[in-house]
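Structural description and commentary
These are the residues of each chain, in order.
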Amino acid sequence: MAVLVVAEHDNSELYDVTLHAVSAALKMGGPVEMLVAGSGCAAVAEACAKTADVERVLVADDPAYQHPLPENLAPLIVELAGSYSHVVAAATTFGKNVMPRVSALLDVSQISEISDVISEDTYERPIYAGNALARVQSSDSIKVVTVRTTKFDAASTEGGSAAVEKVDAAPPGGGARFVEQNLSESDRPELTSARIVVSGGRGVGSAEDFQMIEHLAATLNAAVGASRAAVDAGYVPNDYQVGQTGKVVAPDLYIAVGISGAIQHLAGMKDSKVIAAINSDEEAPIFQVADYGLVADLFEAVPKLTEALK
Amino acid sequence: MKILVGVKRVLDPYVRAYVKPDGSGVDLSNAKMSMNPFDEIAVEQAVRLKEAGVAEEVIAVSIGPAKSEETIRTALAMGADRGVLVESEPDLEPLAVAKILKQVVEDESVQLVLLGKQAIDDDCNQTGQSLAALLGWPQGTFASGVELADDKAKVVREIDGGLETIELDLPAVVTVDLRLNEPRHASLPNIMKAKKKQVDKKAAADLGLDLAPRMKVLHVSEPEARQEGVRVGSVEELVDKLKNEAKVI
Ligand SMILES: Cc1cc2nc3c(=O)[nH]c(=O)nc-3n(C[C@H](O)[C@H](O)[C@H](O)COP(=O)(O)OP(=O)(O)OC[C@H]3O[C@@H](n4cnc5c(N)ncnc54)[C@H](O)[C@@H]3O)c2cc1C
Ligand SMILES: Nc1ncnc2c1ncn2[C@@H]1O[C@H](COP(=O)(O)O)[C@@H](O)[C@H]1O
């Protein structure tokens, strides 16, 4: 039986995160197919069809799917799920919103945010903020799985030539309406896929001073992240939060500035290839995971570092 | 309107989780346990809605071992009116928890369910969405804003790109995120008062639901620890290491 990957997109572009989910799906056994549910989403379907090793793309193009409301999407996915062994999505706020609704309607237990595929029914997933790894085996007939994208490479956006087939919309669940979106504007690369991430914490002290972090990031063409404390204090928007309950990143280089290194923060960045930390407290736990630790006042060190890298 | 709040007893967020040497799970014997932090935020929101006159009653429900009553008492001390303890073995899967919650929702004729977005032990992030599905209700997940008026809930959601606002017809399930509010600390008099509030107890096994686990935990292990690296003495040295040793810039 085939594996169905639910595509995440904005009706014009397929999001990168889904390519990582495709790679995970390819390890689960059967051929991989994709579902694009959207409105005016032909370009997304085309991108899916070109994705390497994807064999078929189902498109449900309907105004009900203009915005990814789980009340409308879940009935569609459930209708299709019967022909698949697995239904897979990236563990993003989209996947986390929709997939548990799908699994409950199918009366199966979702396997959340897997970090590895051991076999078609056995997976590894981090629990307790990544302080433990659980190897779990599912006995459900359909496996509903969300994927930690940093743990799987992106499937290639070229080389595929999947057939694109239309499917009918399912009766929408209703009861929920989209009102508006306020997306954070940034010229910086996207946090979860950037090669370099510079993150600031409470030590940065204010929204104004967070500009320092932005400048350093701009110099490195890096994405900007933050600790929960920096987000709570209003230095930066919520979508900058890295950690157990924010975003998980694993860039080539992660620079933590004025971040103490609480377990909840480490959960979101400790798979980074190289970690550098700047902190004035030599005892800060962040140094225990840092490849390069600089004990310094960030207000001196960050401008100097930015200058040196120009 | 009645509000149901789900409160889970979990390992305290500021305590380290240790894996048992036999790989059967995380060692919780003698560990400090607390209310799941997101659930504190859910309780706070429910109590505020009651204080604002929007809700008449706030019911706190916990599913788990008998000790989960402590977690319910914490919610009662924060201002919830009464509790429901559904005794079960620990580590029920979210699907099973959602089935039990559905039963409680129906028994109590609840209009709004407030849950945490995620339990910080299993890190599943499923229960609210699954409960909404089982009830056939709309859902507002990862909420950083909740407003109720005219049988509708306006929910601001924290999503990967920023914020999204949706409108839900009540009844609905809302799962809360970190920025929704700052939960209060219960005062001593309120802790005393909470001891006298009513907590109904039932056994999960008596509910006639299929709660059988769908997943077998084969093994739990500690992740590979990162080695601590070196300290550099200056910004110049840091740049040099990043360029020439790590070769990442
Ligand atoms: C349920 C729950 C979920 C959570 N989820 C997350 C999450 O997803 N992500 C997350 O990050 N946190 C999360 N947290 C919060 C986490 O526990 C910490 O509170 C948070 O990470 C601390 O942020 P911080 O390191 O910026 O602040 P602090 O711990 O206050 O550290 C600030 C650091 O800045 C340093 N500093 C201060 N001034 C200077 C200076 N001038 N120069 C250099 N260094 C300086 C200090 O030495 C200190 O180490 C969560 C907590 C809970 C309970
Ligand atoms: N055993 C439980 N008892 C009460 N509420 C629970 C329980 N398990 C999960 N919940 C609720 O569901 C939320 C999400 O949990 P989870 O899906 O396990 O990440 C929690 O924050 C709680 O509000």
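The preceding data block contains the structure.
So, a few notes on the structure that sits alongside this text.

Right, let's get into helix 8 (residues 298–309) of chain A. Structurally, the α-helix is built with 3.6 residues per turn, so residues lying three or four positions apart point the same way. Along its 12 residues, helix 8 of chain A runs 16 Å from first to last C-alpha, staying within 8% of the 16 Å computed at 1.5 Å per residue. Every buried residue of helix 8 of chain A is accounted for by Leu298, Ala301, Val302, Leu305, Thr306 and Leu309 of chain A. The buried residues of helix 8 of chain A occupy an angular sector of 130° when projected down its axis, which confines them to one face. Residues of helix 8 of chain A that are exposed and point over 90 degrees away from its buried face: Glu300 and Glu307 of chain A. Buried residues along helix 8 of chain A sit against helix 5 (210–219), strand 14 (253–257), strand 15 (274–279) and strand 16 (292–295) of chain A together with helix 6 (235–245) of chain B. At the N-terminal boundary of helix 8 of chain A, the capping side chain belongs to aspartate 297 of chain A, with an oxygen 3.0 Å from the backbone nitrogen of phenylalanine 299 of chain A.

Listed by partner, the interface residues are 84 residues for chain A and 81 residues for chain B. Note on chain A versus chain B: buried area summed over both sides is about 6800 Å², and carbon and sulfur give 52% of it. On inspection of chain A and its partner chain B, the count reaches seven salt bridges. A salt bridge links arginine 214 of chain B to aspartate 107 of chain A; the shortest N-O distance between them is 3.1 Å.

All right, on to a nonpolar patch on the surface then. On the surface, Leu188, Ile191 and Met192 of chain B cluster together into a nonpolar patch covering about 290 Å² of accessible area. Its place among the elements puts isoleucine 191 of chain B in helix 5 (residues 188–194).

All names here are of chain B. Surrounding ligand 2, one finds 18 residues, the nearest of these being Asp39, Ile63, Ala119, Asn125 and Thr127. In the model, an oxygen atom of ligand 2 is placed 3.0 Å from a nitrogen or oxygen of the asparagine 36 side chain. Glycine 116 is positioned with one of its backbone polar atoms (N or O) 2.9 Å from an oxygen atom of ligand 2. Here ligand 2 loses 98% of its free accessible area of 490 Å² to cover by the protein chains. Of all the secondary-structure elements, those providing two or more residues to the shell around ligand 2 are strand 4 (57–64) and strand 6 (112–116). Sort the elements by how many residues they give to the shell around ligand 2 and strand 4 lands first, with three residues. Residues that form the shell around ligand 2 fall into these classes: seven nonpolar, eight polar and three charged.

Residue and element names in this part refer to chain B. The topology assignment puts glutamate 57 in strand 4. Side chain to side chain, glutamate 57 and arginine 82 meet in a polar contact 2.8 Å long. Discounting chain neighbours no more than four positions away, the residues touching glutamate 57 are Met1, Lys2, Ile3, Asp81 and Arg82.

All names here are of chain A. Taken together, the side chains of Asp10, Glu13, Asp16 and Glu190 make up a negatively charged region of the molecular surface. Inspection of the secondary structure assignment puts aspartate 16 in helix 1 (residues 16–26). Take aspartate 16: its relative accessible area is 42%, and that puts it in the partly exposed class.

Turning our attention to the site of ligand 1. Inspection of the region around ligand 1 gives 29 residues, with Arg202, Ser227, Gln241, Ser260 and Asn279 of chain A positioned closest. The environment around ligand 1 is built from residues contributed by chains A and B. Separating a nitrogen atom of ligand 1 from a side-chain N or O atom of threonine 245 of chain A is a distance of 2.8 Å. One of the backbone N or O atoms of glycine 258 of chain A is found 3.1 Å from an oxygen atom in ligand 1. Here ligand 1, which alone exposes 990 Å², has 84% of that area covered by the protein. Counting residues per element, the ones that place at least two in the shell around ligand 1 are helix 6 (228–232), helix 7 (263–266) and helix 8 of chain A together with helix 1 (37–51) of chain B. Grouping the amino acids of the shell around ligand 1 by side-chain chemistry returns 11 nonpolar, 14 polar and four charged.

All names here are of chain A. Of all the residues in helix 5, the buried ones are Phe210, Met212, Ile213, Leu216 and Ala217. Summarising the axial view, the buried residues of helix 5 lie within an arc of 150°, below the 170-degree limit, and thus occupy one face. Looking one or two residues past helix 5, asparagine 221 carries a phi angle of roughly 50°, positive in sign.

Let us look at the sheet that holds strand 1 (residues 2–6) of chain B. Strands sit in the order 11(A)-9(B)-8(B)-7(B)-10(B)-6(B)-1(B)-4(B)-5(B)-11(B) across an open sheet of 10 strands; the sheet is mixed. Only two strands of the sheet have a single partner each, and these edge strands are strand 11 (176–183) of chain A together with strand 11 (199–203) of chain B. With direction set aside, neighbouring strand axes in the sheet form an average angle of 25°. Across three bridges, the pairing between strand 1 of chain B and strand 6 of chain B is parallel. Across the sheet, the residue bridging to valine 5 of chain B is leucine 114 of chain B, located in strand 6 of chain B. The sheet strands contacting helix 3 (residues 94–108) of chain B are strand 1, strand 4, strand 5 (82–87), strand 6 and strand 11 of chain B, and the helix crosses strand 4 of chain B at an angle near 150°.

Criteria and cut-off values
Residues numbered from 1 in each chain as written. Chains lettered and ligands numbered in written order. Predicted model: local features only at pLDDT ≥ 70, side-chain atom pairs only at ≥ 80, totals over all residues. Heavy atoms only, no water. Helix = DSSP H or I, 4+ residues; strand = E, 2+ residues; numbered from the N terminus. Expected span 1.5 Å × (residues − 1). Buried < 20%, exposed > 50% of the residue type's maximum accessible area, 1.4 Å probe, protein only. Arc of directions from axis to C-beta. Contact = heavy atoms within 4.5 Å. Polar contact = N/O pair within 3.5 Å; in protein donor to acceptor, adjacent residues only side chain to side chain. Buried area = accessible area lost by both parts, 1.4 Å probe. Salt bridge = Lys/Arg side-chain N within 4 Å of Asp/Glu carboxyl O. Patch = residues over 30% accessible without salt bridge, like charges linked within 9 Å, V, L, I, M, F, W, Y side chains within 5 Å. Areas by Shrake-Rupley, 256 points an atom, 1.4 Å probe, with all protein chains shown as cover. Near = heavy atom within 4 Å. Nonpolar A, V, L, I, M, F, W, Y, C, P; charged D, E, K, R; others polar. Lys, Arg positive; Asp, Glu negative; His and termini not counted. Charge placed at Lys NZ, Arg CZ, Asp CG, Glu CD. Pairing = 2+ DSSP bridges. Axes fitted to C-alpha atoms, helices over the stretch in contact; angles between N-to-C directions.

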